[in-house]
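# Structure at a glance
The residues making up each chain are set out below.
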Amino acid sequence: MSNYKKTIFLTLVLFFLSQISYAETKTLKNIGFIQDNIWYSKDPFFEGDKIRIYTTVFNGSQYDFKGTLEFFVYPDKTGGVGGKSISKSNFSLISGAFQVLWADWTAENGSKKIYANISDARISLPGGVEETVILENSKTGEIETFVDQDTDKDGLTNREESVW
């Protein structure tokens, strides 16, 4: 790992560790997502492309952490606005760690919003006792994208070609 990457990593870890707060209500601010933290395996992508959607989860608390990560897209093919689950998986993070997580998705034509959400959040207390917590940062921002077609497979969207 280069010195630059080490410096960035240590800066992030120190920042998140400095944000530790543990309230009586068990609402934790230092576990969850960095907002607007969604990116794709390739961009642009077209209808029918199989892409991977990524996000990063961090744990800046003093506790080990477990939860369930779920990716959503909306509107779905049926026009629903509540969001269709793309993928759901369990994960765990030790204190002071972060992890890149992903979901595979076959892109659907149209304007889409994609986000990830953490549910079933639990911390491990001394002695191994788990406690359910509320995360202030349990959802990423909704990233809006337009998925177009490329019917002639030339790498240009149908919208781009209709302008010519």
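The structure displayed is predicted, hence computed values, not measured ones.

Conventions and cut-offs
- Residues numbered from 1 in each chain as written.
- Predicted model: local features only at pLDDT ≥ 70, side-chain atom pairs only at ≥ 80, totals over all residues.
- Heavy atoms only, no water.
- Phe/Tyr/Trp six-rings, centres within 6.5 Å; stacked < 30°, edge-to-face > 60°.
- Helix = DSSP H or I, 4+ residues; strand = E, 2+ residues; numbered from the N terminus.
- Buried < 20%, exposed > 50% of the residue type's maximum accessible area, 1.4 Å probe, protein only.
- Patch = residues over 30% accessible without salt bridge, like charges linked within 9 Å, V, L, I, M, F, W, Y side chains within 5 Å.
- Areas by Shrake-Rupley, 256 points an atom, 1.4 Å probe, with all protein chains shown as cover.
- Salt bridge = Lys/Arg side-chain N within 4 Å of Asp/Glu carboxyl O.
- Pairing = 2+ DSSP bridges.
- Contact = heavy atoms within 4.5 Å.
- Polar contact = N/O pair within 3.5 Å; in protein donor to acceptor, adjacent residues only side chain to side chain.
- Core = buried A, V, L, I, M, F, W, Y, C linked by side-chain atoms within 4.5 Å.

### Remarks on the packing of aromatic side chains
- Tallied over the full model, the rule gives seven aromatic pairs.
- Ring geometry for tyrosine 74 and tyrosine 115: centres 6.2 Å apart, planes at 75°, overall edge-to-face. Remark: tyrosine 115 occurs in strand β7 (residues 110-124) and tyrosine 74 occurs in strand β4 (residues 64-74); sequence separation between them is 41 residues.
- With relative accessibility at 13%, the residue tyrosine 74 sits in the buried group.
- Given a relative accessible area of 9%, tyrosine 115 falls into the buried group.
- Aromatic ring contacts, followed pair by pair, group Trp39, Tyr54 and Trp102 into a single cluster.

### Structural notes on the environment of glutamate 108
- In this structure, glutamate 108 sits in the loop between β6 (98-106) and β7.
- Remark: the alpha-carbon pair of glutamate 108 and glutamate 47, spanning 61 residues in sequence, is separated by 5.0 Å.

### Examining a nonpolar patch on the surface
- Among the surface-exposed residues, Trp39, Val100 and Trp102 lie close enough to one another that they form a single nonpolar patch of about 280 Å² accessible area.
- Checked against the element boundaries, valine 100 lands in strand β6.
- Owing to a relative accessible area of 34%, valine 100 belongs among the partly exposed residues under this scheme.

### Points about the pairing of strand β1 (residues 27-33)
- Extensive coverage of β1 is indicated by the burial of five of its seven residues.
- As defined by bridge partners, β1 adjoins strand β9 (residues 134-137) across three bridges and the pair is classed as parallel. Bridged to threonine 27 within β9 is isoleucine 134.
- Both β1 and strand β3 (residues 50-59) contribute to a ladder of three bridges, which runs antiparallel. Each bridged residue has a counterpart across the sheet, and for glycine 32 the counterpart in β3 is phenylalanine 58.

### A look at the environment of asparagine 59
- With respect to the element layout, asparagine 59 can be found in strand β3.
- For asparagine 59, a relative accessible area of 2% gives the class buried.
- Sequence-distant contacts of asparagine 59, defined by excluding residues within four places in its chain, comprise Asn30, Ile31, Asp64, Phe65, Leu93, Ile94, Ser95, Gly96 and Ala97.
- Here leucine 93 takes part through its backbone oxygen, which lies 3.2 Å from a polar atom of the side chain of asparagine 59.

### Description of the nonpolar core
- Counting 32 residues, the largest nonpolar core has Ile53 and Trp105 as the members making the most contacts within it.
- Of all the elements in the fold, those that place two or more residues in this core are β1, β3, β4, β5 (84-93), β6, β7 and β10 (143-147).
- Element by element, the count of residues in this core is highest for β7, at five residues.

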